[in-house]
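What follows is the residue order along each chain.
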Amino acid sequence: MNAVRDRAAEAGTRPGTDTDVIVVGAGPTGLLLGAELALGGVRVQIIERRAAAQRDSRALTLHPRSIELMDQRGLVDRFLARGRPVPGWHFAGLDTPLDFSALDTRHGYTLFLAQARTERLLEERARELDVEIRRGHEVVGLRQDAGGDGADDEGASGVEVDVRGPDGVVETVRARYVVGCDGGRSVVRRAAGIGFPGTDETLSGALGDFTTVDPAALDRARAHGVLAVPLEPADADTDDPAADREGGLTRIVLLDPQRMRTPAAEPLTLDEFRASLLRICGTDCGVAGARWLSRFGNATRLAARYRSGRVLLAGDAAHIHFPAAGQGLNTGLQDAMNLGWKLAAEVNGWAPPGLLDSYHAERHPAGQAVTENTEVQTLLAELTLLPSYRRPAAALRKLMAGLLDIEEVNRRLAGMVSALDTGYPPADAGAHPLAGRRMPDIALTAAGSAAARVHELLPHGRFVLLDLAGDDEMRRAVDTGWGPRVAAFTVTGHDSRTDLDGVREILVRPDGHVAWATCTTDMPIRRAERARALAGWAGPPAGGRAGRGAPAGRRH
């Protein structure tokens, strides 16, 4: 540390407090990641350049998979108390809605909840876990130690981050890892030299939050493709859930053919917004009292790598796209849930080889899937605004709306947008079909636990091993070898499902995905399989040593 202090003094800075992980950005992704790291016993600082939490809310929804994540951590009631469940959603604004209620989940709806409220609830969670959140601080420099810029951690010892505080003084904080959750213009991503390939903006939309609207005119606006939805007050400051829903704002979102080529960075005025409404639907909807006016564009980019040595990316720092079907915030939350336990394992010294690299291997394809489907949705919307394509585009939309009447087609797109169909396919073709999938939140009876379903076993962020067949030695073997990392339960009864037929044991990851499952009936073989799976996912047993290879189903 003396060398750090010397360099800080030479640069006119002061040394900061060392920590395990620095998370840059206190949006939803950064706040959830900070909480997950703290749950894993990691010292974490969240650095946020804004002095206060955001009042305005670009995102408005939590989709089913994100709600499941909150359920897994015992937080879902906080969100449900302040949100409004909506069973139907949309793809590209087509007339036939996506039916989330038909999906295989206890949470078959999107939760209408303004981003400002989501951030507040996640900050509450982070502070409960003693996460240090430093608002009004900005990252102005980042350096990895020699050897820290490769995918292999060997030889790397840390990252130095220069942080400028509200008084203008720069301090140098040293951390073992840094995660950029600092948005599409990520300072962390640029400092790490990670490419951000994709397409530039060619289209922009407009949104406004208004205290006054003409309710009678809103249905007319909706009939012309304008989104108009009620919001809770952006600055609501009360613990009374009912008060959060009183009055508030109305969000209006539109695409104006005459203004859709306007750069998103250009300021939006109330007069322009009114004029756009008049052109689109023949009424300005009586909008007044604009709380927030903003444009948003369709620039679409995906980070070339989610990891560079000891620097990682999550959320908008890793992927940006048009906000079609409200997937951006949700994708960031799922990044955080995937990364948190893996990075905590690395910091705590028990991560098996390749675990941290599996973050990129699993979440980069998920990010790519979202950027691709949002580009499709954006094109379907844009074509209807172009005179030369208006008629065939309308016919295409009608055709697709008809296809969504087919149950299987609807379920397929609903699973994609909701992220319930996101899985992490194992490399081993011989792995059980459950491996990599979301673990269904089945009802169960687990010996020694009051939990009535799977999600109630996951709040502590540990692996959960479910013995569905009965092995008297299982609990002792797991407690002795992996006790602090794995909670083992003998299941004496559970919901009947065809995908569980013949399954003897299931290892569930801290993020709710299946790490390993087996139908093996031979007890010695099953015990050997279990030991390999535990060592490959939860690290070496107490007093043991990790091998260099990952088990079947996890090598990336």
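### Remarks on the pairing of strand β23 (residues 463-467)
Thought 1: Of all 5 residues in β23, 5 are buried, a share of seventy percent or more.
Thought 2: The two faces of β23 match: Phe463, Leu465 and Asp467 on one face and Val464 and Leu466 on the other face are all buried.
Thought 3: As defined by bridge partners, β23 adjoins strand β24 (residues 486-494) across 5 bridges and the pair is classed as parallel. By the bridge assignment, Val464 is partnered in β24 with Ala487.
Thought 4: Of the crossover connections in this fold, the one passing from β23 over helix α14 (residues 474-482) to the parallel β24 is right-handed.

### Description of the pattern of salt bridges
Thought 1: Overall, the coordinates contain 45 salt bridges when judged by the stated rule.
Thought 2: Among the ionic pairs, Arg73 bridges to Glu36, the shortest N-O distance being 2.9 Å. Placement of Arg73 in the loop between α3 (64-72) and α4 (76-80) and of Glu36 in helix α2 (residues 28-39) is noted, with a sequence separation of 37 residues between them.
Thought 3: Look at Arg73 and you get buried, because its relative accessible area is 4%.
Thought 4: For Arg497, the salt bridge identified is with Asp499, shortest N-O distance 2.9 Å.
Thought 5: Each of Asp467, Asp471, Glu473, Arg476, Glu505, Arg526, Arg527 and Arg530 takes part in a single network of salt bridges with overlapping partners.

### A word on the sheet that holds β24
Thought 1: With mixed pairing, 5 strands are arranged side by side in an open sheet as β22-β24-β23-β25-β26. Of all strands in the sheet, those bounded by a partner on one side alone are β22 (444-446) and β26 (514-518). Pairwise comparison of adjacent strand axes, ignoring direction, gives a mean angle of 25° for this sheet.
Thought 2: Pairing between β22 and β24: 3 bridges, direction antiparallel. Bridging from a neighbouring strand, Thr445 pairs with Gly493 of β24.

### Things to note about the nonpolar core
Thought 1: Ranked by internal contacts, the top residues of the largest apolar core, which has 65 residues, are Val21, Leu37, Met70, Phe79, Val179 and Leu343.
Thought 2: At 8 residues, helix α10 (residues 328-348) tops the list of elements feeding residues into this core.
Thought 3: Discounting residues that sit within four places of it in the chain, Val21 has contacts with Leu37, Val42, Arg43, Val44, Gln45, Ala175, Tyr177, Val179, Leu343 and Val347.
Thought 4: Counting 21 residues, the second-largest nonpolar core is a separate cluster that includes Leu444, Leu466, Leu468 and Val508.

### Description of empty space enclosed by the protein
If a probe the size of a water molecule is rolled over the atoms, the empty space left behind becomes visible.
Thought 1: Enumeration over the complete set of coordinates arrives at 3 cavities of 30 Å³ or more.
Thought 2: Looking at the largest cavity, its volume works out to about 80 Å³.
Thought 3: For the lining of the largest cavity, the secondary-structure elements that each account for two or more residues are α3 and α10.
Thought 4: Considering every element that reaches the lining of the largest cavity, the biggest residue donor is α10, with 3 residues.
Thought 5: Across the lining of the largest cavity, the residue classes break down as 4 nonpolar, 4 polar and 3 charged.
Thought 6: Approximately 60 Å³ is the volume found for the second largest cavity.
Thought 7: Elements that contribute at least two residues to the lining of the second largest cavity include exactly β14 (204-212) and α9 (270-281).
Thought 8: By residue number, the principal contributor to the lining of the second largest cavity is β14, which donates 3 residues.

### Observations regarding the packing of aromatic side chains
Thought 1: Scanning the model with the defined rule gives 5 aromatic pairs in all.
Thought 2: Measuring from ring centre to ring centre gives 5.2 Å for Phe210 and Phe273, while their planes differ by 55°; the resulting arrangement is tilted. Taken as a pair, Phe210 in strand β14 and Phe273 in helix α9 lie far apart in primary sequence, 63 residues in all. Side by side, Phe210 and Phe273 carry an identical accessibility label, which is buried.
Thought 3: Taken together, a centroid distance of 5.3 Å and an interplanar angle of 45° make the contact between Phe296 and Phe322 tilted. Of this pair, Phe296 sits in strand β17 (residues 288-297) while Phe322 sits in the loop between β21 (319-320) and α10, and the two are 26 residues apart along the sequence. Like Phe296, the residue Phe322 is buried in the burial classification.
Thought 4: What links up through ring pairs into an aromatic cluster is the set Trp341, Trp350 and Phe463.
Thought 5: Over the face of the ring belonging to Phe196 we find Arg189, whose NZ or CZ atom lies 3.6 Å from the ring centre.

### Details of the sheet that holds strand β15 (residues 227-231)
Thought 1: Strand order in the open sheet formed by 4 strands is β15-β16-β14-β17, and the pairing between neighbours is antiparallel. The open sheet has two edge strands with one neighbour each: β15 and β17. Adjacent strand axes in the sheet meet at a mean angle of 20°, parallel and antiparallel pairs treated alike.
Thought 2: As judged from the 8 bridges shared by β14 and β17, these two strands associate in the antiparallel manner. Residue pairing for β17: Ala206 is matched across the bridge by Arg295.

### Details of the confidence of the model for the protein
Thought 1: Taken residue by residue, the protein gives an average pLDDT of 91. The fraction at 70 or more is 90%.
Thought 2: A low-confidence stretch, residues 234-246 stays under pLDDT 50, and its non-local contacts, those more than four residues away or across chains, total 27 contacts.
Thought 3: Within the model, the stretch residues 546-553 combines pLDDT values under 50 with 14 contacts to residues more than four positions away or in other chains.

### Remarks on the packing of α10 against helix α11 (residues 358-383)
Thought 1: Closest axis-to-axis distance for the α10/α11 pair is 10 Å, and the angle between their directions is 175°. Considering their axes alone, α10 and α11 lie roughly antiparallel with respect to each other. Contacts between α10 and α11 involve Thr331, Gln334, Asp335, Asn338, Leu339 and Lys342 from the former and Ser358, Tyr359, Glu362, Arg363 and Val370 from the latter.
Thought 2: Residues of the contact of α10 with α11, tallied by class, amount to 3 nonpolar, 4 polar and 4 charged.

### Structural notes on the side chain of Thr371
Thought 1: Within the secondary structure, Thr371 sits in helix α11.
Thought 2: The class for Thr371 is buried, based on a relative accessible area of 6%.
Thought 3: Non-local contacts of Thr371, meaning those with residues more than four positions away in its chain, are made with Thr300, Arg301, His319, Ile320 and His321.

### Quick notes on a nonpolar patch on the surface
Thought 1: A cluster of nonpolar side chains, contributed by Leu396, Leu399, Leu403 and Ile406, occupies part of the molecular surface with about 340 Å² of accessible area.
Thought 2: By the element assignment, Leu399 lies in helix α12 (residues 390-403).

### Observations regarding the environment of Arg185
Thought 1: Take Arg185: it is sitting in the loop between β12 (170-180) and α6 (187-191).
Thought 2: Arg185 sits 132 residues away from Ala317 along the chain, and the two C-alpha atoms are 6.9 Å apart.

Scoring rules and cut-offs
Residues numbered from 1 in each chain as written. Predicted model: local features only at pLDDT ≥ 70, side-chain atom pairs only at ≥ 80, totals over all residues. Heavy atoms only, no water. Buried < 20%, exposed > 50% of the residue type's maximum accessible area, 1.4 Å probe, protein only. Helix = DSSP H or I, 4+ residues; strand = E, 2+ residues; numbered from the N terminus. Pairing = 2+ DSSP bridges. Right-handed = clockwise from strand over helix to strand, strands pointing away. Salt bridge = Lys/Arg side-chain N within 4 Å of Asp/Glu carboxyl O. Axes fitted to C-alpha atoms, helices over the stretch in contact; angles between N-to-C directions. Core = buried A, V, L, I, M, F, W, Y, C linked by side-chain atoms within 4.5 Å. Contact = heavy atoms within 4.5 Å. 1 Å grid on protein atoms, 1.4 Å probe; cavity = no way out; pocket = protein on both sides within 12 Å on 5 of 7 lines; lining within 4 Å. Points joined across faces, edges and corners; volume = space filled by probe spheres on them. Nonpolar A, V, L, I, M, F, W, Y, C, P; charged D, E, K, R; others polar. Phe/Tyr/Trp six-rings, centres within 6.5 Å; stacked < 30°, edge-to-face > 60°. Lys NZ or Arg CZ within 6 Å of the ring centre and 35° of its normal. pLDDT = per-residue confidence, 0-100. Parallel < 35°, antiparallel > 145°, perpendicular 65-115°, else oblique. Patch = residues over 30% accessible without salt bridge, like charges linked within 9 Å, V, L, I, M, F, W, Y side chains within 5 Å. Areas by Shrake-Rupley, 256 points an atom, 1.4 Å probe, with all protein chains shown as cover.

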